[in-house]
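# Remarks on the overall topology
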Amino acid sequence: MVFYFKARPEAGDYTIFMGLDKYENEELIKYGFPEDIWFHVDKMSSAHVYLRLNKGQTYDDIPEGVLEDCAQLVKANSIQGNKVNNIDVVYTPWQNLKKTASMDVGQVSFHNPKMVRTVRVEKRINEIVNRLNRTKVERKPDLKAEREAVNAAERAERKQQLREKKRREDMDRLEKERQAEMRSYKNLMVADKMTSNKDVASTNKSLQELEEDFM
């Protein structure tokens, strides 16, 4: 079971989601999207909350209000963190999550700790948590199938980009060949029509005869 929430609408169309338990968390870790940002209460047990960004965005682009929504939702879904003030919530891109065979179910670390950011949450804001909970939808998604569908779409897009690149390169090559042929033809025409002083002297023709020849 995965729970889906809608961030504050004035910030844009952003979906926040989290797994029911550590086993769902394991699936979310395995089949995440490049646009997913992972949130967790620092040094405490909590839900794994994800924010799905729009394609092309990074965690530098998270609106301040959406960041607050995510942090509040993580805090509200931490047994210990929900009871205390001034907690830290860490967040990082899904691709930075590191999972090894020796780790417990739902446990993660990071490939690059420098890519982990922290936001301080002073206290629970019930207005935000209640608003998010009113948007909550429960689903049982096939996370593997969703990820495979995205992979297939990305492969098709890359193939199309390669085809388009090759088409442009072929057109550029043909245009360069056409320009080269035009220059060669012009040079040939000029060479055929040019008559040097030496050529004039060798013909022993008068200027008037040469002019008549030219006409």
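This text follows the structure it describes.
The model shown is predicted, which means the values in this text are computed figures rather than measured ones. (Residues numbered from 1 in each chain as written. Predicted model: local features only at pLDDT ≥ 70, side-chain atom pairs only at ≥ 80, totals over all residues. Heavy atoms only, no water.)

Moving on, we come to a positive patch on the surface. There is a patch of like positive charges on the surface, built from Arg 155, Arg 158, Lys 159 and Arg 163. Tracing the chain through its elements places Arg 163 in helix H4 (residues 143-193). (Patch = residues over 30% accessible without salt bridge, like charges linked within 9 Å, V, L, I, M, F, W, Y side chains within 5 Å. Areas by Shrake-Rupley, 256 points an atom, 1.4 Å probe, with all protein chains shown as cover. Salt bridge = Lys/Arg side-chain N within 4 Å of Asp/Glu carboxyl O. Lys, Arg positive; Asp, Glu negative; His and termini not counted. Charge placed at Lys NZ, Arg CZ, Asp CG, Glu CD. Helix = DSSP H or I, 4+ residues; strand = E, 2+ residues; numbered from the N terminus.)

Structural remark: α-helix, 3.6 residues per turn; residues separated by three or four positions point the same way. Helix length check: helix H2 (residues 64-76), at 13 residues, gives a terminal C-alpha distance of 18 Å against a target of 18 Å (1.5 Å per residue), a fit within 8%. With eleven of 13 residues buried, H2 is to be regarded as a mostly interior element. Buried within H2 we find Gly 65, Val 66, Leu 67, Asp 69, Cys 70, Ala 71, Gln 72, Leu 73, Val 74, Lys 75 and Ala 76. (Expected span 1.5 Å × (residues − 1). Buried < 20%, exposed > 50% of the residue type's maximum accessible area, 1.4 Å probe, protein only.)

Ranked by internal contacts, the top residues of the largest apolar core, which has 29 residues, are Ile 16, Phe 39, Leu 51, Ile 62 and Val 89. Looking at this core, the elements with two or more residues in it are strand S1 (2-6), strand S2 (15-19), strand S3 (36-41), strand S4 (49-52), H2, strand S5 (87-93), strand S8 (117-121) and helix H3 (126-134). Those residues within four positions of Ile 62 in sequence are excluded, and the remaining contacts are Ile 37, Phe 39, Leu 51, Leu 53, Leu 67 and Tyr 91. Counting residues in hydrophobic clusters, the runner-up holds 13 residues, among them Val 2, Ile 29, Tyr 31 and Trp 38. (Core = buried A, V, L, I, M, F, W, Y, C linked by side-chain atoms within 4.5 Å. Contact = heavy atoms within 4.5 Å.)

Any two packed helices are characterised by how steeply their axes cross, that is the angle between the axes, and by the distance between the axes. Look at H2 against H3: their axes get within 9 Å of each other, and the N-to-C directions meet at 90 degrees. Classified by the angle between their axes, H2 and H3 sit roughly perpendicular to one another. Taken together, the residues of H3 that come into contact with H2 (itself represented by Glu 68, Asp 69, Gln 72, Leu 73 and Ala 76) are Ile 128, Val 129, Arg 131 and Leu 132. The residue inventory of the contact of H2 with H3, partitioned by class, reads five nonpolar, one polar and three charged. (Axes fitted to C-alpha atoms, helices over the stretch in contact; angles between N-to-C directions. Parallel < 35°, antiparallel > 145°, perpendicular 65-115°, else oblique. Nonpolar A, V, L, I, M, F, W, Y, C, P; charged D, E, K, R; others polar.)

The seven strands lie next to each other as S8-S5-S3-S4-S2-S1-S9, forming an open sheet whose pairing is antiparallel. Each having just a single partner strand, S8 and strand S9 (137-139) make up the two edges of the open sheet. Within the sheet, the average angular offset between the axes of one strand and its neighbour, ignoring direction, is 30 degrees. Note that S1 and S9 share three bridges and pair antiparallel. Each bridged residue has a counterpart across the sheet, and for Val 2 the counterpart in S9 is Arg 139. On the sheet, helix H1 (residues 22-30) packs against S1, S2 and S4 and is oriented at approximately 130 degrees with respect to S2. Relative to S3, H2 is tilted by about 45 degrees, and along the sheet it contacts S1, S2, S3, S4, S5 and S8. (Pairing = 2+ DSSP bridges.)

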